[in-house]
Amino acid sequence: MFKSLIEMHKVMAEILKAIRDKNFIIDDLYSKYEKSDVDEAIFECIEKKLITGIKCFRSETNSVLIYPSDNPAITYEGLAFLKEK
């Protein structure tokens, strides 16, 4: 579980850069960070409309379920987020 916004934004930025650079492999992120943190960061990216092409839902137990696609994309908002960081 993230302890600060700075930690979450770091993972979100890494996700956005990977998608932008066409090398987004979710298992690479899972090996680097806790799975639940990666899932929460992806969920937040989707909620903030920073990325498209990935589906996710929050389960009844409050877990995030990720359904990645072969063609995720970074949005204008996502590029602006990276510029701010």
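Calculation rules
Residues numbered from 1 in each chain as written. Predicted model: local features only at pLDDT ≥ 70, side-chain atom pairs only at ≥ 80, totals over all residues. Heavy atoms only, no water. Helix = DSSP H or I, 4+ residues; strand = E, 2+ residues; numbered from the N terminus. Rg over C-alpha atoms; globule rule 2.2 N^0.38 Å. Contact = heavy atoms within 4.5 Å. Buried < 20%, exposed > 50% of the residue type's maximum accessible area, 1.4 Å probe, protein only. Lys, Arg positive; Asp, Glu negative; His and termini not counted. Salt bridge = Lys/Arg side-chain N within 4 Å of Asp/Glu carboxyl O. Patch = residues over 30% accessible without salt bridge, like charges linked within 9 Å, V, L, I, M, F, W, Y side chains within 5 Å. Areas by Shrake-Rupley, 256 points an atom, 1.4 Å probe, with all protein chains shown as cover. Phe/Tyr/Trp six-rings, centres within 6.5 Å; stacked < 30°, edge-to-face > 60°. Lys NZ or Arg CZ within 6 Å of the ring centre and 35° of its normal. Axes fitted to C-alpha atoms, helices over the stretch in contact; angles between N-to-C directions. Parallel < 35°, antiparallel > 145°, perpendicular 65-115°, else oblique.

(A) Representation of the overall build of the protein. Per the secondary structure count, the protein includes four helices and four strands. The order of α-helices and β-strands along the protein, N terminus first, is α-α-α-β-β-β-β-α. A globule of 85 residues ought to have a C-alpha radius of gyration of about 12 Å, and the protein, at 12 Å, matches this closely. The C-alpha extent of the protein, read off along each of the three principal axes, is 35 × 30 × 25 Å. Here the contacts in the protein between residues at least 6 apart in sequence split such that 49% fall between residues at least 24 apart.

(B) Fine view of the environment of Pro68. Of note, Pro68 is situated in the loop between β3 (64-67) and β4 (73-74). On the basis of relative accessibility, which here comes to 47%, the residue Pro68 falls in the partly exposed class. For the pair Pro68 and Ile26, spaced 42 residues apart in sequence, the C-alpha to C-alpha distance is 8.2 Å.

(C) Looking closely at the side chain of Asp37. Tracing the sequence through the fold places Asp37 in helix α3 (residues 35-47). The side chain of Asp37 is buried and forms no salt bridge, while Lys3, the nearest opposite charge, is found at 8.2 Å. Other than its neighbours up to four places away in sequence, Asp37 contacts Met1 and Phe2.

(D) Here's a closer look at a nonpolar patch on the surface. A surface patch of nonpolar side chains, amounting to about 310 Å² of accessible area, comprises Phe57, Leu65 and Tyr67. With respect to the helices and strands, Leu65 occurs in strand β3.

(E) Summary view of the packing of aromatic side chains. Summed over the entire model, instances satisfying the criterion amount to one aromatic pair. Seen in terms of ring centroids, Phe57 and Tyr67 are 5.8 Å apart; in terms of plane orientation they differ by 65°. Their pairing is edge-to-face. Of this pair, Phe57 sits in strand β2 (residues 55-58) while Tyr67 sits in strand β3, and the two are 10 residues apart along the sequence. By relative accessible area, which is 46% here, Tyr67 ends up partly exposed. A cation over an aromatic ring shows up here: Arg58 above the ring of Phe43, its NZ or CZ 4.5 Å from the ring centre.

(F) Region of the structure containing the packing of helix α1 (residues 5-20) against α3. Two elements in contact, α1 and α3, have axes separated by 9 Å at closest approach and are oriented at 70°. It follows that α1 is roughly perpendicular to α3 by the angle criterion. Within the contact between the two elements, α1 uses Met8, Val11, Met12, Ile15 and Leu16 and α3 uses Val38, Glu40, Ala41, Ile42, Glu44 and Cys45.

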